[in-house]
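Below, each chain spelled out in residue letters.
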Amino acid sequence: MVALIRGAALAAALAAGSAAAELLDRGVVVVNDDIITESELNQRLRIIAKQIEQTGAALPPHSQLRDQVLEYMVVSRLQEQIAKRRGITVPVATVRQEMEQLAQRNKMTLQQFEREVERSGIRYQDFVRYFYEQMLTQRLQQVESRRLVRVTEEEVDNFLRLQSELLHTGVRYRLGHILIALSSRAGAADVAQARQKAFALRGRVEAGERFSSLAVAESDGRNALQGGDLGWRSAAELPEIAADAIAGMEAGEVTEPLRSSSGFHLFQLSAKEDGEQVMVGQTRAQHILMRTHAMVDAAEAQARLRSLKRRIERGEPFEELARAHSDDTASAVDGGDLGWRSPGELDPYFEERMERLPVQGISAPFETRFGWHIVQVLERRKVDETEQTRRQRALNHLAQSRVNEAIEIWLRQLLEDAYVHYLIDFQDA
C-alpha cells in the first residue's frame, strides 16, 4: 500500500488527521476537547474492513463493526491526547522507515504501494494516519507498562519452582481472545450479565460460529479488530490466567470463561505446533546511539549516523567511531559492543531491527525510546539454557502476562474518566 514518502509529504499526511475533514463534515463524537468526524469514521471503517477480510474472518453486520471501530477510535484518541501531554511522539522519519518496510514485505515499490492503497478505496493520508496512531499508542503503552507492572525476584523464584516445565518445551500455541470487559464500578448485576454473555459466546463457537468473527463483533479486547488473534506463543508466553487450561487443549477448543480484574476472557487454541526443546539463539551486536536534545534534532541525529555508517562501510573501525560518538556511555567504552544477548533482553524495536540483519550487516538509522541508533550484527550462536536465561524468560513471561491485563484495565479507566459525548444516534441517522 504506499508511495515514495518524502519527509514533507509524509508530514502533511500525518498532520491531516482530524483536520482532513471537509468543512461541512459533521462530528460523530466529542472526546474531551477533540472531535471525531464522520469522514474519519468512514475512512477508518474502510481500512479495518480490509484488514478483517485479509484475516479470513467474516465481517459482522455494519452497525456492529461501526460501533467497534468507533470505540477503538475513541480509545486511540484518548491515548493520543495523553501522549501529546507527555511529549511522546513518533518522528516522521520513523513512520517513513516503517512504511518502506511494509512496502518491501508486500513486494512492491513505495509508489506501487500507495497506488494499491488508493485503488482499494482508502485515502493514502488516512492509511498513514492509522499506521501512525498504532505506533504512537504502542509507545505510550510501553511507557505505561513499565509504570503499571512490577515483578519481584520472589515471584520469579515461585514461578520457576511451580511451572519450570513451561520453560523447557518447544510446543507453540496460536491463540484467539475475546474479552467481555467490566468497569471498575461494575456491580453484581453487571458481573452476572458479563458472565452470561461470555458463556453465550462460547456456546456460539461450539455451535459452529467462527471465533474470529465473534471477536470482531463482540470483544472488548485490544485485538478485537484483528479477530482476537494473539499470534503464536511459546508455552512460557501463555497468558497467566489461562496457561494451565490452554496447555491441555486441542486445536479448536475454547476455554471456559475466565474471570480477571478486567472482565471475562475466552481463549481459543487456534493451532498447536509440537517440537523438541530448542537451543536459545543469541546475537552479539554493536551499536552507536545518538540522543536528541536542544542542539541535535531527529534529522540531525539521522544525518550524523548515516555519515558514520558510510565511514564504517569505507573501512573505518566501528569500535573507534562508537567510542568517539556514541551517547551510550556504558557500551561506548567497549566500542559499542552489547555482548551476547538472548531474545527479550533488549528494547523490542531494537531487537526487531537487529534480527533483520545478516551477520556483519549494518542497519540504517532507526529510532527507539532511547534515541537514534545504527547497529551491526557481529555473530550469532545457539546456546544451552542457563539459569540466568531461564530467570529472564520467567521474568518476561510474568511481566508480559500482567502487562496485557494492566493495559486493558488502564484503557477501560481512560474511557470511564474521559468526557465522551456521542453527537449522532446512528439508529436514527
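The coordinates are above.
What this report covers is the structure whose coordinates are included nearby. (Residues numbered from 1 in each chain as written. Predicted model: local features only at pLDDT ≥ 70, side-chain atom pairs only at ≥ 80, totals over all residues. Heavy atoms only, no water.)

### So, the overall build of the protein chain
Stated precisely, the cut-off is as follows: A helix here means a DSSP run of H or I that spans at least four residues, while a strand means a run of E at least two residues long, and both kinds are numbered starting from the N terminus. Burial classes: relative accessible area under 20% of the type maximum marks a residue as buried, over 50% as exposed, and values in between as partly exposed (1.4 Å probe, protein chains only). It only takes one pair of heavy atoms within 4.5 Å for two residues to be counted as in contact. What sets the accessible areas is the Shrake-Rupley method with a 1.4 Å probe; for residues, cover comes only from the shown protein chains.
Looking only at helices and strands, the protein chain has 15 helices and 11 strands in total. Relative to its full complement of 429 residues, the protein chain shows a buried share of 49%. Sequence-distant contacts, at least 24 apart, represent 74% of the contacts inside the protein chain between residues at least 6 apart. Summing over all exposed atoms, the protein chain offers an accessible surface of approximately 21,200 Å²; the carbon and sulfur share of this is 49%.

### As for the pattern of salt bridges
Where charged atoms from two side chains of opposite charge come close, those side chains can pair. Quick note on the threshold: Any carboxyl oxygen of Asp or Glu within 4 Å of a side-chain nitrogen of Lys or Arg constitutes a salt bridge here.
The tally for this structure, following the rule as stated, stands at 31 salt bridges. When the shortest N-O distance is used, the salt bridge between R44 and E133 registers 3.0 Å. In this pair, R44 is assigned in helix α2 (residues 38-55) and E133 in helix α6 (residues 124-148), connecting sequence segments 89 residues apart. Residue R44 shares its accessibility class with E133, and that shared class is buried. Residue R202 is joined to E206 by a salt bridge in which the shortest nitrogen-to-oxygen separation is 3.0 Å. In this pair, R202 and E206 both sit in helix α8 (residues 188-206), 4 residues apart, roughly one turn of the helix. By relative accessible area, E206 is classed as exposed at 55%. Linked by salt bridges that have partners in common, D34, E40, R44, R77, E80, R129 and E133 make up one network.

### Description of unusual backbone geometry
Phi at N32 takes a positive value of approximately 55°, unusual for a residue other than glycine. Turning to its location among the elements, N32 is positioned in the loop between β1 (27-31) and β2 (34-37). At Q360, a position not held by glycine, the phi torsion is positive, near 75°. By relative accessible area, Q360 is classed as partly exposed at 47%.

### Examining the sheet that holds strand β6 (residues 263-273)
As a reminder of what qualifies: One requirement defines pairing of two strands: DSSP has to find at least two bridges between them. Inter-axis angles, ranging from 0 to 180 degrees, are taken between N-to-C directions of lines fitted to C-alpha atoms, where helices are fitted over the stretch in contact.
Within the open sheet, the 4 strands sit side by side as β4-β3-β6-β5. Their pairing is antiparallel. The open sheet has two edge strands with one neighbour each: β4 (229-234) and β5 (258-260). Strand-to-strand, the axes of this sheet are offset by a mean angle of 40°, without reference to chain direction. Packing against the sheet, α8 makes contact with β3 (172-181), β5 and β6, and its axis sits at approximately 25° to β6. Against the sheet, helix α9 (residues 211-218) contacts β3 and β6, and its axis sits at roughly 35° relative to β3.

### Structural notes on the nonpolar core
The criterion, for reference: The term nonpolar core refers to a set of buried residues drawn from Ala, Val, Leu, Ile, Met, Phe, Trp, Tyr and Cys, joined through side-chain atoms within 4.5 Å.
In this structure, L41, L65, V69 and F127 are the most contacted members of the largest nonpolar core, which totals 53 residues. In contact with V69, not counting residues within four places along its chain, are L41, R44, L45, I48 and L225.

### Side note on the sheet that holds β1
With respect to topology, 3 strands assemble into an open sheet ordered β2-β1-β11, the strand pairing being antiparallel. The outermost strands of the open sheet, each flanked by one partner alone, are β2 and β11 (420-422). Neighbouring strand axes in the sheet, compared pairwise and without regard to direction, differ in orientation by 20° on average. Here 4 bridges tie β1 to β2, and the two strands are oriented antiparallel to one another. Residue pairing for β2: V31 is matched across the bridge by D34. On top of the sheet, α2 reaches β1 and β2; it is set at about 55° to β2, its chief contact.

### Overview of the packing of aromatic side chains
Defined as follows: Here a Phe, Tyr or Trp ring, Trp counted by its six-membered ring, pairs with any other such ring whose centre lies within 6.5 Å, and the pair is stacked when the planes are under 30 degrees apart, edge-to-face when over 60, and tilted otherwise. Charge over a ring is defined by NZ of Lys or CZ of Arg lying within 6 Å of the ring centre and within 35 degrees of the ring normal.
Within the structure shown, the criterion is met by 4 aromatic pairs. With centroids separated by 6.2 Å and ring planes inclined at 65°, the aromatic side chains of Y349 and F366 adopt a geometry described as edge-to-face. With Y349 in helix α14 (residues 348-356) and F366 in strand β9 (residues 366-368), the pair connects residues that are 17 residues apart, well separated along the chain. Assessed through its relative accessible area of 17%, Y349 is described here as buried. By relative accessible area, F366 is classed as buried at 0%. For the cation-ring pair, R381 lies above W340, with the distance from its terminal atom to the ring centre recorded as 4.0 Å.

### As for the packing of helix α4 (residues 92-105) against α14
The criterion, for reference: When an angle is under 35 degrees it counts as roughly parallel; over 145 it counts as roughly antiparallel; between 65 and 115 it counts as roughly perpendicular; any other value is oblique. Crossing handedness is read from the near helix: turned anticlockwise from the far helix by less than a right angle, it gives a left-handed crossing, and turned clockwise, a right-handed one. Basically, the charged four are Asp, Glu, Lys and Arg, the nonpolar ten are Ala, Val, Leu, Ile, Met, Phe, Trp, Tyr, Cys and Pro, and anything else, Gly included, counts as polar.
Interhelical geometry of α4 versus α14 gives an angle of 45° and a closest axis separation of 14 Å. Between α4 and α14, the interaxial angle falls into the category oblique. Here α4 and α14 pass one another in a crossing that is left-handed. Two secondary-structure elements touch here, α4 through Q97, E98, Q101 and R105 and α14 through Y349, R353 and R356. Broken down by class, the residue content of the contact of α4 with α14 amounts to 1 nonpolar, 2 polar and 4 charged.

### Remarks on the environment of G176
Structurally, the position occupied by G176 is in strand β3. Exposure remark for G176: the relative accessible area of 4% places this residue in the buried category. Each C-alpha atom, one on G176 and one on G231, is 7.8 Å from the other, the two residues being 55 residues apart in sequence.

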